[in-house]
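Architecture at a glance
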Amino acid sequence: CLVLWGTRPTVEREYSGFWQTFRARQRGRSKPKLIVIDPRLTEEARYADLWLKIRPGTDSALALAWIHVIVEEELYDKDFVETWCYGFDELKAHVEQYPPEKASKITWIPEDLIIASARVYAAAKHACIHAPEVAVDQTTNFSSCEHARMILRALTGNIDVKGGHYCYPGAGPVVDGKLFLQDSALELADNVPAEARKKQLGADRFKLMTWPGWELLNAIHEQWWGVSYPMVYTLIAPAPVVIRAILTGKPYPVKALITWFSNPMLWAPNTKLVYKALKSQNLALHVVLEYFMTPTACLADYVLPAASWLERPLCSTVTGHRPFVMGGARAIKPLGERRVDYEFWRGLGVRLGQEEHWPWKTYEELIAHRLNSVGLTYDEFCKRPWIVSEQKKYRKYVISGGFPTPTGKVELYSTIFEKLGYDPLPRYKEPPESHFSTPDVAKEYPLILITGARFKPMYHSEFRQVGTGLREMHPDPIAEINTTTALRRGIRDGDWIWIETKRGRIKHKARLSEGIDRRVVSIQHGWWLPEENPEDPILYGVFEYNANVLTLDDPEVCDAVTGNWCNRGLLCNVYRVNKPA
Ligand SMILES: Nc1nc2c(c(=O)[nH]1)N[C@H]1C(S)=C(S)[C@@H](COP(=O)(O)OP(=O)(O)OC[C@H]3O[C@@H](n4cnc5c(=O)[nH]c(N)nc54)[C@H](O)[C@@H]3O)O[C@H]1N2
Ligand SMILES: Nc1nc2c(c(=O)[nH]1)N[C@H]1C(S)=C(S)[C@@H](COP(=O)(O)OP(=O)(O)OC[C@H]3O[C@@H](n4cnc5c(=O)[nH]c(N)nc54)[C@H](O)[C@@H]3O)O[C@H]1N2
Ligand SMILES: [Mo]
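Residues numbered from 1 in each chain as written. Chains lettered and ligands numbered in written order. Predicted model: local features only at pLDDT ≥ 70, side-chain atom pairs only at ≥ 80, totals over all residues. Heavy atoms only, no water.

Let us look at the sheet that holds strand β8 (residues 256-260). Taken together, three strands build an open sheet; the order of strands is β8-β9-β10 and the sheet is parallel. Here the strands that pair on one side only, and so sit at the sheet edges, are β8 and β10 (302-305). Averaged over all pairs of adjacent strands, the angle between strand axes in this sheet comes to 15°, irrespective of strand direction. (Pairing = 2+ DSSP bridges. Helix = DSSP H or I, 4+ residues; strand = E, 2+ residues; numbered from the N terminus. Axes fitted to C-alpha atoms, helices over the stretch in contact; angles between N-to-C directions.)

Following this line, the structure appears as C-alpha cells:
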C-alpha cells in the first residue's frame with residue numbers, strides 16, 4: 001500500500017518513472033493499493049483506489065483517527081509494538097478522543113472512508129506513507145501530523161522494512177569501509193559557544209528545530225553514530241521571529257543579513273512585513289548572493305553575483321542521512337565577476353579571524369580533502385561522481401538492539417517533546433483562521449485557500465526569466481477554483497481574478513475545475529514578473545502576484561514546536577479583476 005499524503009511524486013521529485021513502476025507493481029503479485037490524501041483531484045488522486053478529499057490543514061485529525069481505528073480494531077503489529085515501541089498504553093488512552101466520527105466532521109472525509117482507508121493501510125503487508133514535508137508542514141498542525149504519521153508507521157511495523165519507511169544509517173556514507181567526511185562534519189557545530197546558542201532567535205519558544213532540540217538530538221546521535229547531528233536542516237530561526245526582531249529590535253537588534261540561495265520577498269510569509277523589515281533603518285546591512293536580480297536583491301545594499309552550478313564543482317552528502325556522495329567537476333570557469341559561494345564564506349570567515357578553520361583556499365581543495373578521507377582523488381571522483389556507499393539493509397534495529405532515541409525504542413510517546421516542554425502525544429488543533437476558529441472572518445472570506453502546490457516547470461521563484469522552454473510553457477500564475485464557485489462569481493476560465501485574505505490581495509488567472517471542492521481555492525507560490533519594473537515599490541510585481549502577500553505568520557499561532565506558519569488552510573475570497581459586463 002502506498003499512501004501519498006499531500007504530495008505529488010510526478011511533480012515534486014521529477015519522478016517520471018513513478019507511474020511505470022507503480023502500475024507494473026499493480027500488475028504483479030503484490031498489487032499495491034494507492035491512497036491519496038489531497039484536497040485536489042490530482043493525477044495521482046484520479047488513479048487512486050481511495051481518494052481522501054481532506055479539508056486543508058486538518059491532516060493530524062485524520063492521522064489520529066487512523067490510529068484510533070488501528071488500535072481499536074487491533075490491526076497493529078503486536079510483536080513490533082511490544083518489543084520496539086515506547087508508550088503504547090498512553091497512546092491507546094489518548095486516541096480514544098479521536099474517533100472517526102469526530103475526525104469526519106473536522107476533515108470533511110466520510111466516516112466510512114476514514115475507517116476503510118485505515119484498514120487498507122494497516123492490512124497491507126508492506127505499507128509506505130510518502131509525505132516529504134510540505135503540504136502539511138505549512139500549517140500549525142505540522143509537528144503533530146508528522147508525529148502521528150510516524151506512529152502509524154510504527155504501529156504497523158513498517159519501519160526499516162522493505163516497502164516501508166527505510167531508516168538510513170546516521171553516520172553518513174561509508175566508501176570502501178571508510179567513513180566519508182560528511183557535510184555536517186564541516187559545520188563544526190560544537191564550536192558554537194553557549195552564549196551564541198542562547199541568542200538564536202526563536203529558540204526560547206520553538207525548541208525543536210533550534211539549539212535546544214539540536215542538543216538533545218545531537219547527544220543521542222553522537223553516542224549512536226559517532227558524528228554530530230547535521231545542523232543544516234535542523235537549525236532554523238523561524239522567519240516570523242527574525243522579521244519581527246529586525247523591526248522591533250527585540251530581543252536584540254538585528255543589524256545585518258546575508259541572503260544566500262534564497263528569495264525571501266517570495267518565499268517568506270507575510271510579504272508586506274518582510275518588505276518593511278528589509279527596508280528598515282534598523283537593518284544596517286543586507287548582502288544578497290544571487291544569479292539574477294530578484295525582488296529581494298533589489299532591496300539589498302550589495303548584490304554579489306554567484307557562480308552557477310555549471311561554473312563550480314560540487315560535492316555533497318546532502319542531509320547526511322543518505323548513503324551517497326554526489327557531485328562532480330564544473331563545466332566551465334565562472335563568467336564575468338561571478339564567484340563560487342564558498343569563496344565568499346571563506347573570505348568572510350578569514351576576515352572574522354577563523355582562518356585556522358578554513359585551510360582550503362578553493363572549493364576544489366576542500367573537496368579533495370573530503371575525498372582524501374576515503375582514499376579518493378579529485379580526478380577519480382569526477383570520473384565516478386555519484387558514490388553510493390552501501391546496499392540497503394533492513395531491520396537494522398534487530399542487530400543494533402534498538403533505535404537512536406532516549407528510550408532506545410520508537411517513541412510513540414515522545415520523551416524528546418516532553419523534555420522540551422511539549423505535548424508528548426500528537427493532538428489536533430483547529431487552523432487559526434477557519435470557519436470554526438474565526439467565524440467572523442469567514443463571513444467576509446468564505447473560501448479556504450491553499451498556496452504553493454508545486455507545478456512544472458518552475459522551481460519556487462526561479463526560472464520566470466527563462467523564456468524558451470520554461471516561462472513560455474507556463475506564462476501566468478494559475479488559481480484553481482471550482483467551476484460552480486467561479487460561475488457564481490461571474491468568473492470564467494482564463495479570467496484574471498483577485499484572491500484576497502485579511503492581509504491583502506493578489507492576482508492569478510482562474511482555471512475552473514471540477515477536481516477541487518467548492519469551498520477551496522488553490523494558488524501557486526513564487527510568482528514575480530522579471531519583465532516588469534524593478535523599481536521599489538513595484539519590484540517586478542512582487543506585491544501583485546506573490547502568494548505570500550496572503551499568508552499568516554503571527555508567531556502566536558505558529559506551530560508551537562517548530563515555528564511553522566500557515567501557507568495552507570487560510571480564509572479567502574475571490575472576484576474578477578474586471579467587473580463582469
Ligand atoms: N516542480 C517543482 N518541484 C519541486 C519544488 C518546486 O518548486 N517545483 N519544490 C521542492 C521543495 S523545496 C519541496 S519542499 C517539495 C514539496 O513538495 P510536496 O510536499 O509534494 O508539496 P506541494 O506540491 O506543495 O503539495 C502537494 C499536494 O498537497 C496538496 N495539499 C495542499 N494543502 C493540503 C493539506 O492541507 N493537506 C493535504 N493532505 N494535502 C494538501 C496540494 O493540493 C498538492 O497536490 O517539492 C520540491 N519539488
Ligand atoms: N506560500 C508559500 N510559500 C512557500 C512555499 C509554499 O508552498 N507556499 N514553499 C516553501 C518552501 S518548502 C521552500 S523550500 C521555499 C523556497 O524558497 P527559496 O529558498 O527562496 O527558493 P527559490 O525561489 O528557489 O530561491 C532560490 C534563489 O537562490 C538563487 N540561487 C540558486 N542557486 C544558487 C547558488 O548556487 N548560489 C546562490 N548564491 N544563489 C543561488 C536563485 O536564483 C533564487 O533566486 O519557499 C517556501 N515558501
Ligand atoms: Mo521546500
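Around ligand 2, 25 residues are found, and the nearest of them are E290, R312, R454, S461 and E462. L289 places a main-chain nitrogen or oxygen 3.1 Å from a nitrogen atom of ligand 2. Contact distances for ligand 2 include 2.9 Å between a nitrogen atom and a side-chain N or O atom of T451. For ligand 2, whose unbound accessible area comes to 920 Å², protein coverage reaches 87%. In terms of residue class, the shell around ligand 2 is built from eight nonpolar, eleven polar and six charged. (Near = heavy atom within 4 Å. Polar contact = N/O pair within 3.5 Å; in protein donor to acceptor, adjacent residues only side chain to side chain. Areas by Shrake-Rupley, 256 points an atom, 1.4 Å probe, with all protein chains shown as cover. Nonpolar A, V, L, I, M, F, W, Y, C, P; charged D, E, K, R; others polar.)

This part covers the sheet that holds strand β12 (residues 324-328). Taken in spatial order, the three strands line up as β11-β12-β13 in an open sheet, and their pairing is antiparallel. Two strands bound the open sheet, and with one partner strand each, they are β11 (314-316) and β13 (387-388). Pairing analysis gives three bridges linking β11 to β12, with the strands arranged antiparallel. For C315, the partnering residue across the bridge sits in β12 and is G327.

So, on to the pattern of salt bridges. A side chain with one charge can pair with a side chain of the opposite charge if their charged atoms come near. In total, this model carries 26 salt bridges according to the counting rule given. The partner of R40 in a salt bridge is E480, and the shortest N-O contact between them spans 2.8 Å. Of this pair, R40 sits in the loop between β2 (34-37) and α3 (43-47) while E480 sits in strand β16 (residues 478-482), and the two are 440 residues apart along the sequence. The burial state of R40 is the same as that of E480; both residues are buried. The closest approach of N and O atoms between R244 and D553, which form a salt bridge, is 2.9 Å. With R244 in helix α14 (residues 239-248) and D553 in the loop between α25 (542-545) and β20 (568-576), this pair connects stretches of sequence that are 309 residues apart. Residue R244 is classed as partly exposed on the basis of its relative accessible area, which comes to 24%. (Salt bridge = Lys/Arg side-chain N within 4 Å of Asp/Glu carboxyl O. Buried < 20%, exposed > 50% of the residue type's maximum accessible area, 1.4 Å probe, protein only.)

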